[in-house]
Amino acid sequence: MALWNKRRHTGAARTGVHPVDEVLPPGPMVAYGLQHVLSMYAGVVAVPIIVGTALQLTPAQTTYLISAGLFISGLATLLQTLGVWRIGARLPIVQGTSFAAVSTMLAIGAPLGGEAGLRAIFGALIVAGAIALVIAPFFTRLLRFFPPVVTGTVITVIGVSLLPVAMRWALGPTNTPDHGSMRNIGLAAATLLIIVLIYRFLGGFFNRVAILLGLVLGTLVAIPFGATDFGRITDAAPFQLTSPFHFGTPTFAVGAIVSMLIVMLVIMTETTADILAIGEVVEKPLTRRDVTGGLQADMLSTTVAGVFNGFSVSAFAQNVGLVAVTGIKSRFVVAVSGVILFLLGLFPVLGGIVAVVPLPVLGGAGLVLFGTVAASGIRTLSKVDYDGNANLVIVAAALGMGVIPIAIPEFYEPFPSWFQVIFDSGISAAAITAILLNLLFNVRRGHVEEGPIFAEAPAIGTTYEGDAEGIVVEHTDTDHPTPTRPRMPNPRATH
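What you see is a predicted model; the values in this text were computed from it and never measured.

Novice: A description of the overall build of the chain should follow, citing residues and the corresponding values.
Specialist: Within the chain one finds 20 helices and seven strands. Counting every position in the chain, which comprises 495 residues, the buried fraction comes to 55%. Taking contacts inside the chain between residues at least 6 apart in sequence as the whole, the part at least 24 apart equals 81%. Surface summary for the chain: the accessible area is close to 20,700 Å², and the carbon and sulfur share equals 68%.

Here's what the structure looks like:
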């Protein structure tokens with residue numbers, strides 16, 4: 001293990017591949033993959049629980065939805081990381097059940113209730129997902145209007161919007177006597193302290209699994225305080241196969257489909273930001289084809305989810321933060337996460353073991369993960385030119401719009417429902433504001449003055465190797481080594 005850690009930074013030089021495409025030894029692959037799963041498991045199971053409660057489903061039906069969500073998340077992650085044909089970004093992106101569609105799904109299913117409500121939700125997901133799959137290539141044609149001033153702002157808002165989630169986790173489960181107790185807050189603080197101490201005093205492999213170690217050690221600390229629930233293991237079924245249309249044939253209503261299609265556009269906007277964020281973190285130039293493939297993987301997975309009793313799927317931003325924290329850029333590590341999620345869906349008893357990790361412990365780790373996403377956005381914004389232009393105004397206004405639904409969730413209640421679907425998400429609100437203001441201030445007479453987000457794709461025959469400091473550089477047969485991170489042109493120099 002120590003030898004592997006010592007040689008890890010020169011592995012790209014020996015294999016001639018980008019770190020994203022590097023295959024690690026089996027042991028570290030499984031450990032890093034499990035770390036990704038533990039950091040996002042609560043987010044995946046939360047949506048089925050919310051929907052099941054609102055539709056007054058039985059505990060057995062809700063458990064079935066949870067298993068289906070894990071099953072679909074695993075398949076979607078494998079599709080996104082490994083790719084099939086031109087579908088999939090082939091980046092270290094974890095896919096999971098999206099929160100963006102929760103309010104719309106409840107509006108569709110709650111009036112009907114029970115299995116009838118589920119059939120209406122699944123019908124809307126299938127049609128809206130299929131339409132979004134078709135329009136994804138047209139959607140990404142707009143991405144030339146996503147320069148660093150836009151992407152940096154949106155990535156920052158992604159992290160900021162996730163931080164309250166970690167804080168709520170730190171308080172513990174809602175509607176329980178211990179919610180907000182000093183015990184729960186203390187467990188979150190202990191987990192955070194453990195992670196910080198690992199980073200401070202341990203190195204190499206331990207730094208890269210600091211989140212996993214923090215979750216495990218935090219759970220062990222929680223046991224004497226009675227904060228762990230081992231009953232979830234004994235109550236879980238040993239095996240459960242998700243069958244198509246388990247709750248009956250989906251129903252299709254035009255109004256529900258239109259509402260869900262709006263949500264799909266919001267999810268595509270958020271996933272675009274996540275893909276661009278992971279591209280920054282792993283320092284790999286992205287093309288429009290990469291982003292299109294990522295969005296198509298999202299929408300195809302969402303369509304299939306409607307068939308297999310799951311909900312809409314999107315990229316999980318918290319795992320972008322985990323990649324940034326650990327420095328593990330291999331997409332095959334995240335593919336292992338997909339396999340684990342798939343198995344959790346087939347074997348609910350395994351999900352019960354993962355669910356033993358108390359929510360406050362997840363909250364302590366989440367503060368690090370989500371804060372890292374915001375820090376990545378700030379790093380991107382630090383490269384933006386603010387002299388002689390309105391970029392500072394773009395960032396300020398977009399950040400303000402993004403924080404509104406985070407700080408005051410009920411702010412948009414007097415607005416029409418279609419407006420709420422879009423702007424109740426701080427991520428989509430910040431993205432729309434930043435894009436429109438960038439169009440107003442930086443795009444004139446057909447010229448994009450702030451520079452595009454995409455660099456040219458690497459030339460055929462490009463290989464990657466590490467320099468003396470472990471920095472990955474790319475080589476082609478005809479040019480000198482250049483950094484893999486794209487350098488944005490300054491059009492003003494030629495105007």
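Once the structure has been displayed, the description carries forward.
Novice: How would you summarise a nonpolar patch on the surface if you had to cite specific residues and measurements?
Specialist: Together, Leu193, Leu197, Phe201, Leu202 and Phe206 make up a nonpolar patch on the protein surface, roughly 500 Å² of accessible area in all. In terms of residue count, helix α8 (residues 182–201) provides more of the nonpolar patch than any other element does, three residues in total.

Novice: Can you tell me about helix α18 (residues 391–407), naming the residues and giving the values?
Specialist: The end-to-end C-alpha distance of α18 is 24 Å, a good match for the 24 Å that 17 residues give at a rise of 1.5 Å each. Listed in full, the buried residues belonging to α18 are Asn391, Ile394, Val395, Ala398, Gly402 and Pro405. Taken down its axis, α18 places every buried residue within 105° of arc, on the same side. Seen from the open side of α18, the exposed residues pointing more than 90 degrees away from its buried face are Leu392, Ala396 and Ala407.

Novice: Go over the nonpolar core with me, naming the residues and quoting the values.
Specialist: Ranked by size, the top nonpolar core spans 112 residues in total, and within it Met105, Leu118, Ile121, Met260, Met264 and Phe311 carry the most contacts. Per-element tally for this core: the top contributor is helix α12 (residues 254–282), with 14 residues. If near-sequence neighbours (up to four positions away) are discounted, Met105 is found in contact with Val47, Val51, Ala110, Ile121, Leu125, Met260 and Phe311.

Novice: Can you explain the pattern of salt bridges? Please cite residues and give values.
Specialist: For the structure shown, the criterion picks out six salt bridges. In this structure, Asp178 engages Arg183 in a salt bridge whose closest nitrogen and oxygen atoms are separated by 3.4 Å. Classification of Arg183 as partly exposed rests on a relative accessible area of 26%. In this structure, the salt-bridge partner of Lys383 is Glu280, at a minimum N-O distance of 3.9 Å. Of this pair, Lys383 sits in the loop between α17 (359–381) and α18 while Glu280 sits in helix α12, and the two are 103 residues apart along the sequence. Of the residues examined, Glu280 reaches a relative accessible area of 13% and is grouped as buried. Because the salt bridges share partners, they merge into one network encompassing Asp21, Lys284 and Arg331.

Novice: Go over empty space enclosed by the protein with me, naming the residues and quoting the values.
Specialist: The tally for this structure, following the rule as stated, stands at two cavities of 30 Å³ or more. One number sums up the size of the second largest cavity: a volume of about 30 Å³. Every residue lining the second largest cavity is listed: Ser39, Trp169, Leu215, Leu362, Ala365, Gly366, Leu369 and Phe370. Residues of the lining of the second largest cavity, tallied by class, amount to six nonpolar, two polar and no charged.

Novice: Account for the side chain of Arg331, naming residues and giving values.
Specialist: Structurally, Arg331 can be placed in helix α15 (residues 331–346). With residues near it in sequence (within four places) discarded, Arg331 still touches Val20, Asp21, Thr81, Leu82, Arg90, Leu91 and Pro92.

Novice: A description of helix α4 (residues 59–82) should follow, citing residues and the corresponding values.
Specialist: Along its 24 residues, α4 runs 35 Å from first to last C-alpha, staying within 8% of the 34 Å computed at 1.5 Å per residue. When you tally the buried positions in α4, you get 18 out of 24 residues, the bulk of the element. After α4 finishes, the residue Gly83 shows a positive phi value of roughly 80°.

Novice: Any chance you could break down the packing of helix α14 (residues 317–326) against α17 for me, citing the residues and the numbers?
Specialist: α17 packs onto α14 with a crossing angle of 80° between their chain directions and a minimal axis gap of 7 Å. Comparing their axes, α17 and α14 come out roughly perpendicular. Judged by residue contacts, Ala317, Gln318, Val320, Gly321, Leu322, Ala324 and Val325 of α14 engage Val368, Leu369, Phe370, Thr372, Val373 and Ser376 from α17. Here the contact of α14 with α17 is composed, by residue class, of nine nonpolar, four polar and no charged.

Novice: So what's going on with the packing of aromatic side chains? Residues and values would help.
Specialist: When we look at a pair of aromatic rings, we describe it by the centre distance and by the angle of the planes. Enumeration according to the criterion identifies ten aromatic pairs in this entry. The interplanar angle of 75° and the centroid separation of 5.2 Å between the aromatic rings of Tyr412 and Phe415 together place this pair among those described as edge-to-face. A residue is classified by how much of its surface remains accessible, and Tyr412, at 3% relative accessible area, is buried. Assessed through its relative accessible area of 34%, Phe415 is described here as partly exposed. With a centroid separation of 4.3 Å and an interplanar angle of 15°, the aromatic rings of Phe419 and Phe423 are classed as stacked. In this pair, Phe419 and Phe423 are both assigned in helix α19 (residues 417–423), four residues apart and thus about one turn of the helix distant. Ring pairs connect the aromatic residues Phe411, Tyr412, Phe415, Phe419 and Phe423, which therefore count as one cluster. A cation over an aromatic ring shows up here: Arg200 above the ring of Phe201, its NZ or CZ 5.0 Å from the ring centre.

Novice: Before we move on, could you go through unusual backbone geometry and cite the residues and values that matter?
Specialist: Positive phi is not limited to glycine here, since Phe245 has a value of about 50°. Tracing the sequence through the fold places Phe245 in the loop between α11 (231–235) and α12. For Phe245, a relative accessible area of 38% puts it in the partly exposed group. Of note, Asn309 is a non-glycine position whose phi angle comes to about 70°, a positive value. Residue position: Asn309 is located in the loop between α13 (288–307) and β2 (313–315).

Novice: Tell me what's going on with the environment of Leu106, and back it up with residues and numbers.
Specialist: Structurally, Leu106 can be placed in helix α5 (residues 102–109). For Leu106, a relative accessible area of 23% corresponds to the partly exposed category. The spatial distance from the C-alpha of Leu106 to the C-alpha of Leu55 is 7.9 Å, given a sequence separation of 51 residues. Contact partners of Leu106, with chain neighbours within four places excluded, come to Ile50, Val51, Ala54, Leu55 and Pro111.

Novice: Help me get a handle on the environment of Thr372, residues and values and all.
Specialist: Relative to the helices and strands, Thr372 resides in helix α17. Given a relative accessible area of 16%, Thr372 falls into the buried group. Sequence separation of Thr372 and Gln318 is 54 residues, and the distance between their C-alpha atoms is 8.8 Å. Not counting the four nearest positions on each side in its chain, Thr372 is found in contact with Gly321, Ala324 and Val325.

The rules we used
- Residues numbered from 1 in each chain as written.
- Predicted model: local features only at pLDDT ≥ 70, side-chain atom pairs only at ≥ 80, totals over all residues.
- Heavy atoms only, no water.
- Helix = DSSP H or I, 4+ residues; strand = E, 2+ residues; numbered from the N terminus.
- Buried < 20%, exposed > 50% of the residue type's maximum accessible area, 1.4 Å probe, protein only.
- Contact = heavy atoms within 4.5 Å.
- Areas by Shrake-Rupley, 256 points an atom, 1.4 Å probe, with all protein chains shown as cover.
- Patch = residues over 30% accessible without salt bridge, like charges linked within 9 Å, V, L, I, M, F, W, Y side chains within 5 Å.
- Salt bridge = Lys/Arg side-chain N within 4 Å of Asp/Glu carboxyl O.
- Expected span 1.5 Å × (residues − 1).
- Arc of directions from axis to C-beta.
- Core = buried A, V, L, I, M, F, W, Y, C linked by side-chain atoms within 4.5 Å.
- 1 Å grid on protein atoms, 1.4 Å probe; cavity = no way out; pocket = protein on both sides within 12 Å on 5 of 7 lines; lining within 4 Å.
- Points joined across faces, edges and corners; volume = space filled by probe spheres on them.
- Nonpolar A, V, L, I, M, F, W, Y, C, P; charged D, E, K, R; others polar.
- Axes fitted to C-alpha atoms, helices over the stretch in contact; angles between N-to-C directions.
- Parallel < 35°, antiparallel > 145°, perpendicular 65-115°, else oblique.
- Phe/Tyr/Trp six-rings, centres within 6.5 Å; stacked < 30°, edge-to-face > 60°.
- Lys NZ or Arg CZ within 6 Å of the ring centre and 35° of its normal.

In short, shape yes, function no, at least from these values alone.
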